[in-house]
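# Structure assessment
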There are 2 protein chains.
Amino acid sequence: MRTSYAVGVDVGGTRIAVGLVERKGRIVKDAKVLTPKGGPFAVVDAIIALIEEAAAGVHPSELAGVGIGLPAQIDFLRQSIEFCTNLPLAGVDVRALVMSRLKHQVTIDNDGNLAALGESRYGAAQGIHDFLMITLGTGVGGGMFFDGQPYRGSRGLGGEVGHMVIQLDGPPCPCGGTGHIESYLGRPAIAVRGKEVGATYRGKAILDQAGGDVDTITAEDVIKAAQAGDESATEILMSAGVVLGRALVGFVNLLNPQMIVVGGGVGEAAPFMVERASEIVAEEALAGRRDVKFVQAELGNDAGILGAAALAFDDYEAREGLHR
Amino acid sequence: MRTSYAVGVDVGGTRIAVGLVERKGRIVKDAKVLTPKGGPFAVVDAIIALIEEAAAGVHPSELAGVGIGLPAQIDFLRQSIEFCTNLPLAGVDVRALVMSRLKHQVTIDNDGNLAALGESRYGAAQGIHDFLMITLGTGVGGGMFFDGQPYRGSRGLGGEVGHMVIQLDGPPCPCGGTGHIESYLGRPAIAVRGKEVGATYRGKAILDQAGGDVDTITAEDVIKAAQAGDESATEILMSAGVVLGRALVGFVNLLNPQMIVVGGGVGEAAPFMVERASEIVAEEALAGRRDVKFVQAELGNDAGILGAAALAFDDYEAREGLHR
């Protein structure tokens, strides 16, 4: 029997969102809560409550399963959480804990991989066999599709697009390394530049966004000032666009993708940054530059839920295939 | 009928080598010539003469075909040469020219991809499903295996391991970009450091290798001085090992490989450089650092011939599969 629904869960450092998703990608019901701060089991309890809420009234035979996206490095084969910066979930067997309380099949994956899977199934990368997704937010992540399939590396720990060295003597990265792509393009890095400029006469528009207090300037303040036409804020994001472009030169030379999908809150708010990056790639990359199309992600805030649901549908198909 | 032999051709900027290779990887006959300087057709003529020499006495039904490795960006699907730094072959249809003169099937590929294919079939990466090969020579190249298959990107232009940005404000790269891995680890970059140090009192051992003339110091002089125990020369290569390690941190985080194979003349001559790189990866990479094994390439100078022969055997199998 062909199931009609999957539950997709998008676990973030700030909030957890859930959706009941139809096979074609329509979200028929959704809900979200702030991520509990009370340790791993509080987070798992919140996930379980949201899944129950989303699946209420759906007959078990109609539900393909549950997919959960986490901001973590995940051993996809073992379904274990190896490393997690923003939540206390490393070593916590989220899948087993959820499955012990609910009757549904559960599969977990890294949120960047799921954003790529979501865009492939329901968004900007439908029908594209070889692409790279880069998500620009508080962290920088992403995922890859090769030959029409998600590629996660030998154990599923790959796709850490933001953690490649782009400057040997660069600033520290939240992961513990230095000079990584994330240390230039994550929200904290953009906020640092915003504070530097906001402390000078050229940064008045940025400072105004933060209510006049330099110390509270955020990446969003820079983005809003740029969107309102401020030159200094635009310059900060254009410089970030150059760094993004230089990073993407490497990905184009290494992977020769047909498409680069840029998503995440920062990526979606600053299309001119992506435009600048694509110009850099056209100038500096080798022959593969002619193959690559730059697009914005299409799924926005729903990317996590839709990617997680797509994973649950895929996992259901794989199980059915094995049982046949 | 199962063929017994393939011809592998390894075209380099300095020399062209050919081998008649048995299916299990034994080279039963080989030959080489200096690469002619008289333009594209002189190079193609030399390739044809070498293939004729290698295939002489082999019955056509015993020969799977000819593989040719080139130091070029190749559109693998179209079998066309898109970009070639060291030889005047961009836009030259080498495959068609050779096939018009000889009766054998011919397939061309990038030399880095073929080095990876050779190590996978006959060398250090046998049985390894997910690995990255990096070749350190005059240029820096390489190839990738994902899920047990070579991955060349959407059109076959990928695998340009040496052309990822590792320093935003780095030195020029022969490809036209700046701050690429090759601009730190290629022979010319090591020679520049050798000249800098060779001009000081600390560089006597390096200078001696070059016969006392600073301007003629090469990467090989630095390597030889280091192999003889000179501290300054060793320092240059250890610094290169740090850069190599920082580059590999990114590859481990992105691709989560089981193995990194280091080859090429420079990589093979300086194992302590590779050792230093593996230490950096163990310190800085994310969870995938525990999965990755560092090994030296095993095929040495035969890598090009053996990889090209493996390609010819694979291509023969694919054709036979289609005809069945």
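The model shown is predicted, which means the values in this text are computed figures rather than measured ones.

### Re the overall build of chain A
Along chain A, the regular secondary structure elements total 11 helices and 12 strands. Taken over the C-alpha trace, chain A has a radius of gyration of 20 Å; the compact-globule value for 324 residues is 20 Å, and the two agree within 12%. Pairs at least 24 residues apart make up 64% of the contacts formed inside chain A by residues separated by at least 6 positions.

### Describing the packing of helix α5 (residues 187–198) of chain B against helix α8 (residues 231–255) of chain B
Residues and elements named next belong to chain B. In the contact formed by α5 and α8, the axes pass within 10 Å of each other and the chain directions differ by 145°. Judged by the sense of rotation from one axis to the other, the crossing of α5 with α8 is right-handed. Residues Ile190, Arg193, Gly194 and Val197 of α5 lie in contact with α8, whose contacting residues are Ser232, Ile236 and Ala240.

### Structural notes on unusual backbone geometry
Most peptide bonds are trans, and most residues other than glycine sit at a negative phi. Here the phi dihedral of Gln79 of chain A falls at roughly 60°; this positive angle occurs in a residue that is not glycine. By the element assignment, Gln79 of chain A lies in the loop between β5 (73–75) and β6 (80–83). Not every positive phi belongs to a glycine, and Asn256 of chain B is a case in point at roughly 45°. With respect to the helices and strands, Asn256 of chain B occurs in the loop between α8 and β11 (259–263).

### A closer look at the nonpolar core
Burial of nonpolar side chains together is a common tendency in soluble globular proteins. Ranked by internal contacts, the top residues of the largest apolar core, which has 225 residues, are Val7 and Val9 of chain A together with Val7 and Val9 of chain B. Every residue in contact with Val7 of chain B, bar those within four places of it in the chain, is listed here: Val18, Leu20, Ile51, Ala54, Ala55, Val66, Ala309 and Ala312 of chain B.

### Side note on helix α7 (residues 219–227) of chain A
Residue and element names in this part refer to chain A. Taken residue by residue, α7 has Ala219, Asp221, Val222, Ile223, Ala225 and Ala226 as its buried positions. Along its buried surface, α7 packs onto α5 (187–198), α6 (204–209), α8 (231–255) and α9 (264–269). Following α7 by one or two positions, Gly229 adopts a phi angle in the positive range, close to 100°.

Calculation criteria
Residues numbered from 1 in each chain as written. Chains lettered and ligands numbered in written order. Predicted model: local features only at pLDDT ≥ 70, side-chain atom pairs only at ≥ 80, totals over all residues. Helix = DSSP H or I, 4+ residues; strand = E, 2+ residues; numbered from the N terminus. Rg over C-alpha atoms; globule rule 2.2 N^0.38 Å. Contact = placed C-beta atoms within 7 Å. Axes fitted to C-alpha atoms, helices over the stretch in contact; angles between N-to-C directions. Left-handed = near helix turned anticlockwise from the far one by under 90°. Core = buried A, V, L, I, M, F, W, Y, C linked by C-beta atoms within 7 Å. Buried ≥ 20, exposed ≤ 12 C-beta atoms within 10 Å, placed from the backbone.

No statement about biological role is implied by the geometric values presented.
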